Structures are given as structure tokens and as C-alpha cells.
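Structural description and commentary
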Amino acid sequence: MATDAPPPSKADPRLPSTEQFLEVQESAEFAELRRSHRSFAFPLTVAFIAWYLLYVLLSNYAGDFMGTQVVGNINVALVLGLAQFLTTFLIAWWYSRYAAAKLDPKGEAIKSRLEGDA
């Protein structure tokens, strides 16, 4: 099976020093990478937890509403429960696309510069 990646190097890679890691950690470029990650991940995490807690609270305290028939034997609780799975997969897909477009290039640039200096 052919791949685009070259075979791994037989030589042991030299690790950057602690000072180099700290220098990168304090750089504006790394701060921007963290800011990009947090600006995407934190709001989505809060929104998903709120959505999940809403589902749990409705299940506990709004039994009549959750038992409302939508179609046949399918009720609101089942629809919202399945929507939990759907939103989980949609968020994972969305994050994967975001990371590939915005985070990975920045991280790879930092990594290659750090390994190049090692």
C-alpha cells in the first residue's frame, strides 16, 4: 500500500531543550494557536453541556412534554435523545474541519520550527 509519507527516520530525533519549549510557549504565535482553539472549543463545549442538561432536566421534570407523541410511538424524548447523538457527531465533524483548516497549520509551523532548531 503506497503512502505519501516518507518512511520514518532511523536516527533518533533530538528533542528541543526545556528553554526552547518555554520560549515557544511564551511566543505570540503559540498564544494565537491557543486562542484559536479556545475560541472554538469552549463555546461549543458550554453550548453542548447546556443542551445536554436541558435534556436531562426535561426528562426529570417535564414528563408530560417528553411523553408527547410526535409520530406513531415516537415521542419527544426519543427525538431529543437521538438529537443528542446527532449533535455529538456534528460537533466532532465541525471541530475536525476547523482543526484541519485553522489549528493544524499553525501547530505544524510551530513544531517544524522547534524541531528544526533542535
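Structure's up top.
Residues numbered from 1 in each chain as written. Predicted model: local features only at pLDDT ≥ 70, side-chain atom pairs only at ≥ 80, totals over all residues. Heavy atoms only, no water.

**Side note on the packing of aromatic side chains**
The description of an aromatic ring pair rests on the distance of the ring centres and on the angle between the ring planes. Just so we agree on the cut-off: Note on aromatic contacts: the rings of Phe and Tyr and the six-membered ring of Trp form a pair at centre separations within 6.5 Å, being stacked when their planes are under 30 degrees apart, edge-to-face when over 60 apart, and tilted otherwise. Think of it this way: any DSSP run of H or I at least four residues long counts as a helix, any run of E at least two long counts as a strand, and we number them from the N terminus. Working definition: with a 1.4 Å probe on protein chains only, accessible area under 20% of the residue-type maximum means buried, over 50% means exposed, and in between means partly exposed.
One pass over the full model with this rule turns up 3 aromatic pairs. Relative to Tyr98, the ring of Phe40 has its centre 4.2 Å away and its plane inclined at 10°; by these criteria the two rings are stacked. Remark: Tyr98 occurs in helix 4 (residues 76–117) and Phe40 occurs in helix 2 (residues 28–61); sequence separation between them is 58 residues. One exposure class covers both Phe40 and Tyr98, and it is buried. One aromatic cluster is present, formed by Phe40, Trp94, Tyr95 and Tyr98 through successive ring pairs.

**Description of the nonpolar core**
Basically, it comes down to this: To qualify as a nonpolar core, a set must consist of buried Ala, Val, Leu, Ile, Met, Phe, Trp, Tyr and Cys residues joined through side-chain atoms within 4.5 Å. The contact rule is simple, with two residues in contact once any of their heavy atoms fall within 4.5 Å.
Leu33, Phe40, Leu44, Tyr98, Ala99, Leu103 and Ile110 together form the largest nonpolar core, which totals 7 residues. Those elements that place two or more of their residues in this core are helix 2 and helix 4. No other element matches helix 4, which puts 4 residues into this core. Excluding residues that lie within four positions of it along the chain, Ile110 makes contacts with Val24, Glu29, Phe30 and Leu33.

**Looking at helix 2**
A turn of α-helix holds 3.6 residues, and therefore any two residues three or four places apart point the same way. Note the cut-off: Expected span of a helix: the number of residues minus one, times 1.5 Å. Here the bend at a residue means the angle between the axes of two seven-residue stretches, the one that ends at it and the one that starts at it.
Over its 34 residues, helix 2 extends 48 Å from the first C-alpha to the last, a length consistent with the 50 Å expected when each residue adds 1.5 Å. Considering bend angle alone, the principal kink of helix 2 is centred on Arg38 and spans about 25°. Among all positions of helix 2, only Leu33, Ser36, Phe40, Ala41, Leu44 and Tyr55 are buried.

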